[in-house]
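If you want the building blocks of each chain, they are given just below.
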Amino acid sequence: MTPAKPIQSCPVESTINVIGGKYKPLILFYLLEENVLRFGELNRRIPHATRRMLTKHLRELEEDRLLHREVYQQVPPKVEYSLTPLGRSLEPVLQAMLKWGIDYSVHKAQVSK
């Protein structure tokens, strides 16, 4: 029997536990943009992620019900990923991260002049 995950005392900690990680926010963001992507397409968009790490993060997002994995029974196998309604509910969070990242880049460029 797997031990139960401890209850988080802070909602921010809960959010980080679900979407935290180097590649999870990127996976979610690209799926928000494109709706459906295959593994190879995600791998091309996140080239610095190893196949193993990308697979791990995709599985975790699927376990947390943010991602839907559709497997087509054909040769060669075809797998497509899309966001569930719960995953899509993260759009405001990811858009805020996008805006903050743009603002930070501008600020950083102005400071370094």
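Residues numbered from 1 in each chain as written. Predicted model: local features only at pLDDT ≥ 70, side-chain atom pairs only at ≥ 80, totals over all residues. Heavy atoms only, no water.

A.B. asks: For the sheet that holds strand S3 (residues 78–83), give the residues involved together with the corresponding values.
C.D. replies: Strand pairing in a sheet relies on backbone hydrogen bonds. The paired strands run either parallel or antiparallel. Pairing in this open sheet of 3 strands is antiparallel, and the strands run S1-S3-S2 from one edge to the other. Since the sheet does not close on itself, it has two edges, and those belong to strand S1 (36–38) and strand S2 (67–72), each with one partner. If you compare each strand with its neighbour and ignore which way they point, the axes differ by 30 degrees on average. (Pairing = 2+ DSSP bridges. Helix = DSSP H or I, 4+ residues; strand = E, 2+ residues; numbered from the N terminus. Axes fitted to C-alpha atoms, helices over the stretch in contact; angles between N-to-C directions.)

A.B. asks: Requested: an account of the pairing of S3, with residues and values cited.
C.D. replies: Counting buried residues in S3 gives 5 out of 6 residues, a clear majority hidden from the surface. Pairing geometry for S1 and S3, over 3 bridges, is antiparallel. Residue pairing across strands places Arg-38 opposite Glu-80, the latter belonging to S3. As defined by bridge partners, S2 adjoins S3 across 6 bridges and the pair is classed as antiparallel. Note that in S3 the partner of Tyr-72 across the bridge is Lys-78. (Buried < 20%, exposed > 50% of the residue type's maximum accessible area, 1.4 Å probe, protein only.)

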